[in-house]
Amino acid sequence: MKLRANLIIGGALFALAIVVGVLAPWLAHTDPVLDANLLNAEEPPSWTWWFGTDDQGRDIYSRVVYGARVSLTVGIVSQLINSVIGVALGLSAGYWGGWWDDVVNALTNVMLAIPSLIFALAIMAVLGPGLTSLLIALGLTNWSFTCRIARASALSLRSQGYVQAATVLGYGDLRIMITQLLPNMLGPIVVIGTLGMGSAVLSEAALSFLGLGVRPPFPSWGSMLSDARDQITTAPWLSLFPGLAIFLTVLGLNLLGDGLRDILDPQSRSRRT
């Protein structure tokens, strides 16, 4: 029951975030950037303004809805980049071994020794703020965990009979890795990718909070929190709703990843039962 509940609740929260992001133009009440009116500044939540308004009179609800697009884009795209890099390095290192395995292991250890957010800050300092820079920075910083899992899977799978049979049939190394090894390690890769998206959403919020995310006035949840920090006591709704959006999205991704892990890893399921 717990397994199913995690999967259902996590999947529902993640699906809700995706629906909100995709349908933002239809769900939003106003334009999140252009519809500003100082006469409506810092209105509390009401039937007219569901989430209240900010100090420029912009609708917080509409900005939270559009902010889902930024967070989900960063979470999904950056994790795809991480997965491609991590799987490519880990799979090749585990299958080939030798000096290449030593190089990949050393590089992975270096990446694990550097806090990912600090590394992302360094990249953003070079590239400057913006969505593209954010995707590159987060896409290059969190691949080490995926690499470790892919390498461990390749080490255990390369001695299997079907891999030996493919070698006898004359399959090249690249073909063996793609057609024989990769399909059999997708389970843990999908799980860590789902959990990694939650981390990417948090990292985007942190970088946007520091002013290194999407350029204003376009909304993102992290930048909305940054803008609201001076009014946290006088207008708490300015930070409440973007913070709640971040919390629910990351919670959904973590629950979804936990549920997928229990389904795709029978040993984990048996230990819990």
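Before reading further, recall that the structure is shown in the block above.
Figured I'd write up the structure that's included with this text.

Here we look at the nonpolar core
In terms of nonpolar packing, the biggest core is built from 21 residues, with Phe-14, Ile-60, Val-64, Trp-221 and Leu-238 touching the most fellow members. Taken together, the elements giving at least two residues each to this core come down to α1 (2-22), α3 (60-96), α10 (186-209), α11 (221-228) and α12 (237-264). Not counting residues up to four positions away in its chain, the partners in contact with Val-64 are Phe-51, Trp-221, Met-224, Phe-241, Pro-242 and Ala-245. Counting residues in each nonpolar core, the second largest holds 13 residues, with Ala-150, Ile-176, Met-185 and Ile-189 among its members.

Focus on the packing of α3 against helix α7 (residues 144-157)
Packing of α3 against α7 brings their axes to within 7 Å, and their N-to-C directions diverge by 35 degrees. Handedness of the α3/α7 crossing: right-handed. Between α3 and α7, the residues in contact are Gln-79, Asn-82, Ser-83, Gly-86, Val-87, Leu-89, Gly-90, Leu-91, Gly-94 and Tyr-95 and Thr-146, Cys-147, Ala-150, Arg-151, Ala-154 and Leu-155, respectively. When its residues are assigned to classes, the contact of α3 with α7 shows eight nonpolar, seven polar and one charged.

A closer look at the pattern of salt bridges
As enumerated under the stated definition, the model contains three salt bridges in all. One salt bridge in this structure joins Asp-54 and Arg-63, with 3.9 Å as the shortest N-O distance. Overall, Asp-54 belongs to the buried group, its relative accessible area being 7%. Here Asp-101 makes a salt bridge to Arg-151, at a shortest N to O gap of 2.6 Å. On the criterion of sequence distance, the pair formed by Asp-101 in helix α4 (residues 98-113) and Arg-151 in helix α7 is long-range, its members being 50 residues apart. According to the relative accessible area criterion, Asp-101 is buried, its value standing at 10%. The structure contains a network of salt bridges with shared partners spanning Asp-54, Arg-58 and Arg-63.

Parameters at a glance
Residues numbered from 1 in each chain as written. Predicted model: local features only at pLDDT ≥ 70, side-chain atom pairs only at ≥ 80, totals over all residues. Heavy atoms only, no water. Core = buried A, V, L, I, M, F, W, Y, C linked by side-chain atoms within 4.5 Å. Buried < 20%, exposed > 50% of the residue type's maximum accessible area, 1.4 Å probe, protein only. Helix = DSSP H or I, 4+ residues; strand = E, 2+ residues; numbered from the N terminus. Contact = heavy atoms within 4.5 Å. Axes fitted to C-alpha atoms, helices over the stretch in contact; angles between N-to-C directions. Left-handed = near helix turned anticlockwise from the far one by under 90°. Nonpolar A, V, L, I, M, F, W, Y, C, P; charged D, E, K, R; others polar. Salt bridge = Lys/Arg side-chain N within 4 Å of Asp/Glu carboxyl O.

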